[in-house]
Amino acid sequence: MHLTFIQVLELLGTFAFAVSGATAAINKSYDVIGLLALAFITAIGGGTVRDLLIGATPVAWMTDELSNTAIIAAAIIATLFFSYVKKLNRLLSTFDAIGLGMFTITGINKGVAAGLPLPVCVALGVITGTFGGLLRDVICGEQPILFTREIYAAASLAGGILYIVAGRYSGVTGDIAQSVSVAVIVTIRLVSLRNNWQLPRLRA
Amino acid sequence: MHLTFIQVLELLGTFAFAVSGATAAINKSYDVIGLLALAFITAIGGGTVRDLLIGATPVAWMTDELSNTAIIAAAIIATLFFSYVKKLNRLLSTFDAIGLGMFTITGINKGVAAGLPLPVCVALGVITGTFGGLLRDVICGEQPILFTREIYAAASLAGGILYIVAGRYSGVTGDIAQSVSVAVIVTIRLVSLRNNWQLPRLRA
Amino acid sequence: MHLTFIQVLELLGTFAFAVSGATAAINKSYDVIGLLALAFITAIGGGTVRDLLIGATPVAWMTDELSNTAIIAAAIIATLFFSYVKKLNRLLSTFDAIGLGMFTITGINKGVAAGLPLPVCVALGVITGTFGGLLRDVICGEQPILFTREIYAAASLAGGILYIVAGRYSGVTGDIAQSVSVAVIVTIRLVSLRNNWQLPRLRA
């Protein structure tokens, strides 16, 4: 089996998303089935919501053996080597940012292919990148990190808008536009994470 | 652009639903992205669940530019003028009741058009009117207002049953039946809200 | 109306699932509409998620008058005879286990009919059997019982794998394979419940 560079990036992202689900499950003292379920929901939740909204069924993960294998591997590794995995925080947040970038662009491309308005395509990109984490937090009974902390959806949104604008107004499309947009998302996400930047929060 | 009276009513309802999402986000100290997301989810959540259940994809909001504009406007206004918006409580709850009424009837009509049994159509109407608020409360980690306080789903249910019964047994359909049913929902909702009426709550 | 034995088993399961939703609603002091809604969501939630994922719309409950009647009956009985129903704990948990078994096999059969990979079919079976309870817990703001306590999803998973393996490798299919698999799920569930067996829980 020969993996393309894009597939490798997507698998790293899927792996990191699944680890974040598994970690949340361990923090909540879930059992092994709960851990596996939460790893899956976190990793495939965003793409699943996207596919449901546009009517692309059976949803993507059902026929994506490679991703499913990565998720199961992430669940097993997180279970067996939890204290070690926690120390890889920096590496995992890099993979997670790559996942955010890749999933955002995948979601936008699916929206464009479905003939939807461009702002809706950007929304689908952000949903693809972020709703797995939202489902994880809602199931765990935590306030959504997505909505309350960190530059996460904002990075996805910025890169998604760039991707659409580049394609629409400067004619930059295809691999170049995708690579640049993913790089922008990863950079915004990681730089803001390292510097603990946050969006303005609103208070009553 | 010329808006019909029905479109104006629906936009007022959408606006009020979005404001309730934005207000909940501010009460939870969400950031600006979280506020925008929760405004959208509250405003389009009910119609989206309905469309998913009957297989009407891409779901309605994706091609409803007018509603999306109203939601973004609501999010911006709620953010910039929060302390002022809070004082408009009475006006907003009227708009919200109008939204509940309009969405209920829209949902029923979609169910009828899909050839579903009439009780299921009523359920789709109630889902359209109320599930946006349910999603808002679940995401915020609050007990659903829908299920625990106030005559809300009950107003939608009463008007929905009236609409179906009027069409089925007295032959009153179309604009007249719709107007009367919406008026009934708005009246039940607002009168019970002003008088703080509640449904019986069950206790273990 | 003549019910087959299979229909009777499915109705007992649906009834028990609806009672568990109604009981959760009463424990949270929901109103009567909230109780009815939570009874429905618990009873039809798993099948609905399954149908959405594979694109089988309108989702099954919309045209399943028999199940809907059982759910409404369960909601009424739980409301009127709550203190009595609580004492039927043992009977209800048996019905619930039967529901878990029946729904698991139904879900797998739908996945196979949709031509999905066999491990995905097993996942669809587990989703059908368990996601109603997951939705119930998330809406109520409780940690999902499914993920944290008791052999529940694990029983569904074991019976589902048995059903697929029996069909694939020993050629045992149809009524015999289904009956044995349901019996295995019911047995694992009830024996572990009586003995208070739990899966290993993971701790940070």
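Cut-offs used in this document
- Residues numbered from 1 in each chain as written.
- Chains lettered and ligands numbered in written order.
- Predicted model: local features only at pLDDT ≥ 70, side-chain atom pairs only at ≥ 80, totals over all residues.
- Heavy atoms only, no water.
- Contact = heavy atoms within 4.5 Å.
- Buried area = accessible area lost by both parts, 1.4 Å probe.
- Salt bridge = Lys/Arg side-chain N within 4 Å of Asp/Glu carboxyl O.
- Polar contact = N/O pair within 3.5 Å; in protein donor to acceptor, adjacent residues only side chain to side chain.
- Axes fitted to C-alpha atoms, helices over the stretch in contact; angles between N-to-C directions.
- Helix = DSSP H or I, 4+ residues; strand = E, 2+ residues; numbered from the N terminus.
- Left-handed = near helix turned anticlockwise from the far one by under 90°.
- Least-squares fit on C-alpha atoms with pLDDT ≥ 70 in both.
- UniProt positions renumbered as here; feature names shortened; annotations may be inferred.

(A) Structural view of the interface of chain A and chain B. Between chain A and chain B, the contact holds 28 residues from the first and 25 residues from the second. Roughly 2,200 Å² is buried in total at the junction of chain A and chain B, and carbon and sulfur atoms are behind 72% of that figure. Across the chain A-chain B interface, the total number found is 0 salt bridges. Here chain A is connected to chain B by 4 residue pairs in polar contact (both at pLDDT 80 or more).

(B) Structural context of the packing of helix α6 (residues 118-140) of chain A against helix α8 (residues 153-169) of chain A. All names here are of chain A. Close contact between α6 and α8 brings their axes to 9 Å; oriented N to C, the two are set at 145 degrees. Considering the relative orientation of α6 and α8, their crossing is right-handed. Facing α6, whose interface residues are L118, V122, G125, V126 and T130, α8 presents A153, S156, L157, G160, I161, I164 and R168.

(C) Structural context of the interface of chain B and chain C. Tallying the contact residues gives 28 residues for chain B and 26 residues for chain C. Roughly 2,200 Å² of surface becomes buried between chain B and chain C when both sides are summed, with 73% attributable to carbon and sulfur atoms. When the area that chain B buries against chain C is broken down by residue, the three leading residues are L53, F147 and L202 of chain B, summing to 34%. Scanning the region where chain B abuts chain C turns up 0 salt bridges. Joining chain B to chain C, the criterion identifies 4 residue pairs in polar contact (both at pLDDT 80 or more). Of all the secondary structure elements, the ones that give two or more residues to the side of chain B that touches chain C are α2 (32-54), α6 (118-140), α7 (145-148) and α8 (153-169) of chain B. Per-element tally for the side of chain B that touches chain C: the top contributor is α6 of chain B, with 6 residues.

(D) Quick peek at the relation of the copies chain B and chain C. Superposing chain B onto chain C takes a rotation of 120 degrees combined with a translation of 0.0 Å along the rotation axis, leaving an RMSD of 0.0 Å. The symmetry that links the two subunits is that of a three-fold axis. Residue by residue, only 7% of the interface of chain B is reproduced at the interface of chain C, so the copies engage with different surfaces.

(E) The UniProt feature "transmembrane region" (unreviewed entry) in chain A, seen in detail. Residues and elements named next belong to chain A. Here, the residues flagged by UniProt with the feature "transmembrane region" (unreviewed entry) are residues 6-26, 33-54, 66-84, 91-108, 114-139, 151-170 and 176-193. Split by type, residues 66-84 is 95% helix and 0% strand. Its first and last C-alpha atoms lie 25 Å apart. A helix fraction of 100% and a strand fraction of 0% characterise residues 91-108, whose end C-alpha atoms lie 26 Å from each other.

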